[in-house]
Structures are given as structure tokens and as C-alpha cells.
Amino acid sequence: MPVKIKAWMNSPTHKANIINSKYREIGIGIVNGTLNGIKTTLVVQHFGTPISGIVSGDQTSEENNYNTDKVGIIESPEIIVNPAVSKTINPVTVSKTLGLIMFTLILSVILIDAFLTYKNKTYRLSGSSAGHISFLAIIFLLLLFSHQGTIF
Amino acid sequence: MSIIKEIKRNPIEFTILFIILIIGTILFFYFDYHPHNQRRVVYVTGASYFAWSIIHHYRQKDLELSIVIEYFVIAIFAALMLSSTLF
């Protein structure tokens, strides 16, 4: 393993990721096996910063911005973090927020529809409002309480 | 309200639906940090909800293509929306 660390530190791009102060956590995976017919050891680094991470200096936290370096017989893609990018939008947070908004809208529409059809005593061939609301409410709660990208 | 009346009219069917949803919720949180399994749970829960709707409306004798499509779209939308946030 020290050989690998030495190899990473001798590689300017790998070293840039290792000493990058934006990353607060690291995970390392090592797998022995056969790759493309050749016995090899694949070592993967996975860098990240938790959403609640405190970042020193004037750099803004890269929320769940994970970066992976690999050392093995495969030439790994060189990943360099652009220091000019100080703030990124987490796409998962965008999806989650949009999802919550859409679920709220749909649930509101179904509730209003159920109330109006009941009030006006309208008979209409449609799905069960109770079923829709139960299902969508559960999915809404799962979406609200699910969390992503946490290192455990 | 019509929702409560609907549940009271078909208590067994709605109990089955609630059991499906509760099991889905428990399994979702049981597989916390395992997004692949969580995705499977979401897809199975969506499919179960769709199957429940077919049986429910078949028993109500009002099963129509428009209703099937309505449930299908809601199940697909919910499952895709939730699974797209699991990493």
C-alpha cells in the first residue's frame, strides 16, 4: 500500500486531489482479481465532502461532490478539480426539491378534486382518490426523508 | 368526505393497500444506504400499487382503460421521481 500512496503522491493530478482542502473524507477500496485476463490489484480512492461539512478557507463546500482516482493496470481518467468553480448545485437536491413540489401539487389537485366531486355529488369514472392520496403521500414521505451520498 | 367514505366502503381492500405501502416504507428504510435495493423496493411498491388498483376496480366493476392508464402514469411517475434521487 505505501507503494500506491507514493505513486499517487508522485502523480501531480492524483496529489492535487489528495491535498485538496475541499475534500473532508476519503474511502479507499482494494480489489484483487483478474482484469482483461491479467491478474491485478485495483485500488480506488473516493473523495467527498458531506453536506454538513465545514470547509476551511474561502472555498465553499462542494456538496456531495465525489471524486474518484484509480490506480491499477488501467490508465485512470485524470480528474482535476477546477478551483475556479467555488459553488456547485447538487443535482440530487434539485431533483428532490422538484419532486417534492410536484408531489405537493398533485396531492393538492387530487384533494381538491375529491372535495369538489363530493360536494357537487358528481359521478365520474376515475381512479380512487383515497388510493392515489395514500400512495403519493407515502412516496412523498420517502422522498422527504431519503438521503443521498452519505459516507457511512 | 368522499375519501373516508371510500375507505369505509372497502375496508379490506384499503387495509391491503396500507399493508403494501407500510411494508414498502419499512423495506425502504431497512435498505438505507443501499440505493440499488431501495430502487427495487420503490419499483415493487409501485407495481404492487398498480396491481392493487386493477383488482380494486375489477371488484368494483368499473375497470376501464382510462383508469388503468391513470394508475399506471401515477405509479411510473412516483417510482421514477423517487428512484432518480437515490444515489
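Residues numbered from 1 in each chain as written. Chains lettered and ligands numbered in written order. Predicted model: local features only at pLDDT ≥ 70, side-chain atom pairs only at ≥ 80, totals over all residues.

> Mind laying out unusual backbone geometry, listing which residues take part and the relevant values?
You will see that Lys61 of chain B, though not glycine, has its phi angle at about 60°, which is positive. For Lys61 of chain B, the position within the fold is in the loop between helix H3 (35-60) and helix H4 (65-83). (Helix = DSSP H or I, 4+ residues; strand = E, 2+ residues; numbered from the N terminus.)

> Requested: an account of the interface of chain B and chain A, with residues and values cited.
The partner chain A presents 30 residues to the 29 residues of chain B that form the contact. For the side of chain B that touches chain A, the elements supplying multiple residues, two or more each, are helix H1 (2-9), helix H2 (11-30), H3 and H4 of chain B. Looking at the side of chain B that touches chain A residue by residue, the class counts come to 18 nonpolar, 7 polar and 4 charged. (Contact = placed C-beta atoms within 7 Å. Nonpolar A, V, L, I, M, F, W, Y, C, P; charged D, E, K, R; others polar.)

> I'd like a description of the nonpolar core, backed by residues and values.
Grouped together as the largest cluster of nonpolar side chains are 22 residues, with contacts concentrated most on Phe135 and Ile139 of chain A together with Ala78 and Leu82 of chain B. Elements with a contribution of two residues or more to this core: helix H4 (129-145) of chain A together with H2, H3 and H4 of chain B. (Core = buried A, V, L, I, M, F, W, Y, C linked by C-beta atoms within 7 Å. Buried ≥ 20, exposed ≤ 12 C-beta atoms within 10 Å, placed from the backbone.)

> Give a detailed account of the pairing of strand S1 (residues 25-35) of chain A, specifying residues and quantitative values.
Residue and element names in this part refer to chain A. Across the 11 residues of S1, 0 count as buried, placing the element largely on the outside. With 11 bridges joining them, S1 and strand S2 (residues 38-48) adopt antiparallel strand pairing. Residue Glu25 lies in a different strand from S2, and its bridge partner there is Gly48. Taken together, S1 and the strand that follows it, S2, pair antiparallel across an intervening segment of 2 residues, in which Asn36 is found at a positive phi of about 55°. (Pairing = 2+ DSSP bridges.)

> Account for the packing of H4 of chain A against H1 of chain B, naming residues and giving values.
The N-to-C vectors of H4 of chain A and H1 of chain B enclose an angle of 100°; their axes lie 8 Å apart at closest approach. As the angle between them shows, H4 of chain A and H1 of chain B are arranged roughly perpendicular. Contact residues: H4 of chain A offers Ser129, Ala130 and Ile133 of chain A, while H1 of chain B offers Ser2, Ile3, Glu6 and Ile7 of chain B. For the contact of H4 of chain A with H1 of chain B, the residue count by class is 4 nonpolar, 2 polar and 1 charged. (Axes fitted to C-alpha atoms, helices over the stretch in contact; angles between N-to-C directions. Parallel < 35°, antiparallel > 145°, perpendicular 65-115°, else oblique.)

> Outline the packing of H3 of chain B against H4 of chain B, supporting the account with residue identities and numerical values.
Residues and elements named next belong to chain B. Their axes nearest at 9 Å, the elements H3 and H4 cross at an angle of 165°. Classed by the angle they form, the pair H3 and H4 counts as roughly antiparallel. In this structure, H3 crosses over H4, and the sense of that crossing is right-handed. Residue-level inspection shows Arg39, Val42, Tyr43, Gly46, Tyr49, Phe50, Ser53, Ile54 and His57 of H3 in contact with H4, the latter providing Ile67, Val68, Tyr71, Phe72, Ala75, Ala78, Ala79, Leu82 and Ser83. Looking at the contact of H3 with H4 residue by residue, the class counts come to 13 nonpolar, 4 polar and 1 charged. (Left-handed = near helix turned anticlockwise from the far one by under 90°.)

So, to be careful, I would describe these as geometric facts and stop short of saying anything about function.
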